[in-house]
Structures are given as C-alpha cells and as structure tokens.
Amino acid sequence: MSIAITPEADYGTVAAPGTVRIQRLLPGPVERIWAYLTDGELRRQWLAAGDMAPQAGSSFELVWRNDELTDPPGRKPEGFGEEHRMQSRIVEFDPPRRLVFTWGDSGKVAFDLEPKGGKVMLTVLHEGISDRNNMLMIGAGWHMHLNVLEARTGGRETEPFWDGWLRLRGEYERRVPA
C-alpha cells in the first residue's frame, strides 16, 4: 500500500473567517485551463458538469458525479449520493483571467488564472463557508478536485477520488483551527 504524500504548497489555507484559498500550478497555456473552468464537458472531468453562458449575471447548474472522476472511484463515505446539484450564478466573467460564481445560496467561488512561463497559477478562493465542518469538507473537496484537474491536464493518474477525499478530510481536520 502506498501512502500519498501531499506537497505543502497544495494545501488550502484559511484566508479569512469562512474562506478557503488554494492554489495549483498547472500546465498551460492559460486558455486551456480557462476551458477546464468554463466548458461543461471539460469541467465534468474534474469537478462538476453544467453548461454556463459566458457572461456575468447568467444562472447555471453544477452537477457533481464524483464516482465518475477516477477509475476506480474509491470508497464513498456515508451520506453522499450518486449525484449532487447546485444552482449558481456567474458574478464575474473575464476570460481567460477570472471567473466568479455564487456557491448556491451562500458564498461564492473565485478562480483567478495567472500565466507563469509555460504554466498557469490557478487560485481558488471560496468565501462564505458556514462553519468548521463545512470548511473541512470544502477544503478537502477543492484539494481533491484540483488533484484530479492537475492529473487530467498533466496526462497522469491520481488516487481514487473518494479515498483521496477521505485522506485529505483527515489532514484538514488536523490543519484547520477549531
């Protein structure tokens, strides 16, 4: 059995109360990573499906099917269904640099892309997280989803989604202050 070693730079941090910030350096160019954020079919491969109109103010639905992100998917924890849906609305749409959308009825998520040579620094800022338990779930979730995105864009495999999420949930439990 191999144990996943997570580089320190890959962890999300508590940027402010109710806010998680996580970064990942990905293979470019920036337009390619932008497509993974905005194209529903590409986004489905690492996060959630859902078509979005390319303009601020437009509504869209995100549809998570985490069992489909890796093969095998790993062992799903109790309480998670086959699918999860959430209504969102685009707040900012500035291709290929910035995408911000609401996170259901509470909070918002911002994606910022910055070219770094032949790579792209992706910064995710998730604001409006209600409590520590959700902070742990969301921190581990973004971390694992970004692991999948990094693997997809880098042409490699990653650990099974649910196994990684459970491992990371435990790591965030130790890292995020009570």
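This structure is a prediction, so every number in the text was calculated from the model and none was measured.

### A word on the overall build of the protein
- Looking only at helices and strands, the protein has four helices and seven strands in total.
- Tracing the protein from N to C terminus, the helices and strands come up as β-β-α-α-β-β-β-β-β-α-α.
- Its C-alpha atoms give the protein a radius of gyration of 15 Å, within 12% of the compact-globule value 16 Å for 178 residues.
- With the principal axes as the frame, the protein shows a C-alpha extent of 45 × 35 × 30 Å.
- Sorting the 178 residues of the protein into buried and exposed places 46% on the buried side.
- In the protein, once contacts between residues fewer than 6 apart in sequence are set aside, the share between residues at least 24 apart is 59%.
- When the accessible surface of the protein is summed, it comes to about 9,000 Å², and 51% of that surface belongs to carbon and sulfur atoms.

### Looking at the environment of Met-52
- Its place among the elements puts Met-52 in the loop between α2 (40-44) and β3 (59-64).
- Sequence-wise, Met-52 and Thr-38 are 14 residues apart; in three dimensions their C-alpha atoms are separated by 6.9 Å.
- Those residues in contact with Met-52 that lie beyond four places of it in its chain are Leu-37, Thr-38, Arg-43, Phe-60, Ile-90, Phe-93 and Leu-99.

### A look at the nonpolar core
- Among the nonpolar cores identified, the biggest contains 45 residues, and Trp-46, Leu-99, Phe-111, Leu-122 and Trp-142 are the most heavily contacted of them.
- Ranked by residue count, the leading element in this core is helix α3 (residues 132-154), at nine residues.

### So, the pairing of strand β2 (residues 19-27)
- As paired strands, strand β1 (residues 13-16) and β2 are joined by three bridges and run antiparallel to one another. Following the sheet pairing, Thr-13 is matched in β2 by Arg-21.
- The hairpin turn running from β1 into β2, its antiparallel successor, is two residues long, and Gly-18 in that turn takes a positive phi close to 70 degrees.
- For β2 and strand β7 (residues 119-127), the ladder comprises nine bridges, and the chain directions are antiparallel. Note that in β7 the partner of Val-20 across the bridge is His-126.

### Things to note about the pattern of salt bridges
- Enumeration according to the criterion identifies 19 salt bridges in this entry.
- For Asp-10, the salt bridge goes to Arg-24, with nearest N and O atoms at 3.4 Å. In this pair, Asp-10 sits in the segment before β1 while Arg-24 sits in strand β2, placing the two residues 14 residues apart along the sequence. The same class applies to Asp-10 and to Arg-24, which are both buried.

### Observations regarding the environment of Met-137
- Looking at the secondary structure, you find Met-137 in helix α3.
- Each C-alpha atom, one on Met-137 and one on Glu-173, is 9.2 Å from the other, the two residues being 36 residues apart in sequence.
- Excluding anything up to four places from it in sequence, Met-137 contacts Phe-80, Trp-165 and Arg-169.

About the thresholds
Residues numbered from 1 in each chain as written. Predicted model: local features only at pLDDT ≥ 70, side-chain atom pairs only at ≥ 80, totals over all residues. Heavy atoms only, no water. Helix = DSSP H or I, 4+ residues; strand = E, 2+ residues; numbered from the N terminus. Rg over C-alpha atoms; globule rule 2.2 N^0.38 Å. Buried < 20%, exposed > 50% of the residue type's maximum accessible area, 1.4 Å probe, protein only. Contact = heavy atoms within 4.5 Å. Areas by Shrake-Rupley, 256 points an atom, 1.4 Å probe, with all protein chains shown as cover. Core = buried A, V, L, I, M, F, W, Y, C linked by side-chain atoms within 4.5 Å. Pairing = 2+ DSSP bridges. Salt bridge = Lys/Arg side-chain N within 4 Å of Asp/Glu carboxyl O.

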